[in-house]
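Listed below are the residues making up each chain.
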Amino acid sequence: MASNATDYIKHHLTFWNSAHETGGFWSLHIDTFSISLLLGFIFLAVFAGVARGASLDKPGRLQLFVEIVIDMVNTQVKEVFHAKSKVVGPLALTIFCWVFLMNFMDLFPVDLFPMIAQWIGFTFFGMEPHHVFLRVVPSADVNATFAMSLSVMILIIAFSIKAKGVGGYTKELLTAPFHASHPIGAIILAPVNFVFQMVELVAKPISLSLRLFGNMYSGELIFILIALLPIGAQWVLGAPWAIFHILIITLQAFVFMMLTIVYLSLAVEAH
Amino acid sequence: MEFNATLLGQAITFAILVWFTMKFVWPPLTNMMDERAKRIADGLAAAERGKQDLLAAEKRVADELNKARQQSTEIMLGAEKRANQIVEEARETARQEGARLVADAKAEIDQEVLRAKETLREQVATLAVAGAEKILRKEIDATKHADLLASIKAEL
């Protein structure tokens, strides 16, 4: 049972890799990529569909739901981000919805999609079921979370440069947070400031992505552990955890969105 | 924790999603919501304005009504006064007319009386002369006693 359980957990935590072994940088997690792509398209289909047929006077229920989400995001953006930007709102909305949907995959029974995949692999491709891997929660993959947070970091740099100019941004990197009134002091402090700024800049995407990844990974792991319990006892822990997880997946999506807005607003504001 | 090409794929997906949202989702929906908010605000403002207009109109109507009432009272009072005046004037005229008629009549009567007296005097004189003539035919000559007769006539 012990080795069985270890195998089970390991199997659940192995990605569907495009290479046969987990191999090298130029391999792809097909499960993460395709599922997140599908979820992204679902998000776009729903929202763009509503946007196409949106009615000013008689909004339907779906439209109202979409409007509530957009209004929530818009309120946060307006409260935090005071400069004018066409990017921040859509970016925040995309992050919130996409992350939420990716997190939401955690609420499906842990064995549901892997078993379907195993059945398909076995029936149509003659694969050995134990070698069919599928992880359905894209946000429990560091690649997915870092892809977003690094994109956000690039946007932070781009926003800073756009708001302050290359010279202004460089100056800020060298003169904040420690100011010196004397030129020699400024020269001495410049490398210190630069190191501080770099740490600050790099810490943002790392904290963003690791926070989301950690929450989702641990959530997934706990679902897997619950799935190891005797079948009659699973719901005792599974139901409360799933209910609690509804809160976590929403909260994590919101936090990721919120911090992105905050970081970008910090980027355009002068120190 | 294993980084590989998935990172790039996810970043590309993310970029496409954001771009698409920026292009086709966010602007139309936010614009529409703003327009709706504006329309609601306009509607409320119009309702408020309508209410104010109604109040003003009601006030104006009440004012008009008051003014009209006051005017009608004034007109009525004026008319009454005028009527009184007319009646008074008529009364005065009638009184004067009456007095004039009375005065005229009196004058005429006086004249009539005078004339009657005159006539009577002449007739009495004539009669007295005729009587005296008859009495005195035998002893008095009319021509001789003309002075006497005239003094008698004057005394009558």
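Small disclaimer: the values here were computed from a predicted structure and weren't measured.

Parameters at a glance
Residues numbered from 1 in each chain as written. Chains lettered and ligands numbered in written order. Predicted model: local features only at pLDDT ≥ 70, side-chain atom pairs only at ≥ 80, totals over all residues. Helix = DSSP H or I, 4+ residues; strand = E, 2+ residues; numbered from the N terminus. Rg over C-alpha atoms; globule rule 2.2 N^0.38 Å. Buried ≥ 20, exposed ≤ 12 C-beta atoms within 10 Å, placed from the backbone. UniProt positions renumbered as here; feature names shortened; annotations may be inferred. Contact = placed C-beta atoms within 7 Å. Nonpolar A, V, L, I, M, F, W, Y, C, P; charged D, E, K, R; others polar. Axes fitted to C-alpha atoms, helices over the stretch in contact; angles between N-to-C directions. Parallel < 35°, antiparallel > 145°, perpendicular 65-115°, else oblique. Left-handed = near helix turned anticlockwise from the far one by under 90°.

1. A closer look at the overall build of chain B
Logical step 1: When helices and strands are counted, chain B shows 2 helices and 0 strands.
Logical step 2: Computed over its C-alpha atoms, the radius of gyration of chain B comes to 61 Å, more than 25% above the 15 Å expected for a compact globule of 156 residues.
Logical step 3: In terms of its C-alpha atoms, chain B occupies a principal-axis envelope of roughly 195 × 20 × 15 Å.
Logical step 4: For chain B, buried positions account for 8% of its 156 residues.

2. Examining the UniProt feature "transmembrane region" (unreviewed entry) in chain A
Residues and elements named next belong to chain A.
Logical step 1: The positions UniProt marks with the feature "transmembrane region" (unreviewed entry) are residues 33–51, 87–104, 116–137, 144–163, 183–203, 215–237 and 243–266.
Logical step 2: As annotated, residues 33–51 has a helix share of 100% and a strand share of 0%, and its two end C-alpha atoms lie 26 Å apart.
Logical step 3: Structurally, residues 183–203 comprises 100% helix and 0% strand, and the distance from its first C-alpha atom to its last is 29 Å.

3. Some words on the interface of chain B and chain A
Logical step 1: At the junction of the two partners, chain B supplies 28 residues and chain A supplies 40 residues.
Logical step 2: Residues that form the side of chain B that touches chain A fall into these classes: 18 nonpolar, 7 polar and 3 charged.

4. Some words on the packing of helix α6 (residues 142–175) of chain A against helix α8 (residues 234–268) of chain A
Residue and element names in this part refer to chain A.
Logical step 1: Their axes nearest at 7 Å, the elements α6 and α8 cross at an angle of 25°. When the axes of α6 and α8 are compared, the pair comes out roughly parallel. Note that α6 runs across α8; the crossing there is right-handed. Here α6 contributes Val152, Leu155, Ile156, Phe159, Ser160 and Ala163 to the contact with α8, which in turn contributes Thr260, Tyr263, Leu264, Ala267 and Val268.
Logical step 2: A breakdown of the residues in the contact of α6 with α8 according to their chemical character gives 9 nonpolar, 2 polar and no charged.

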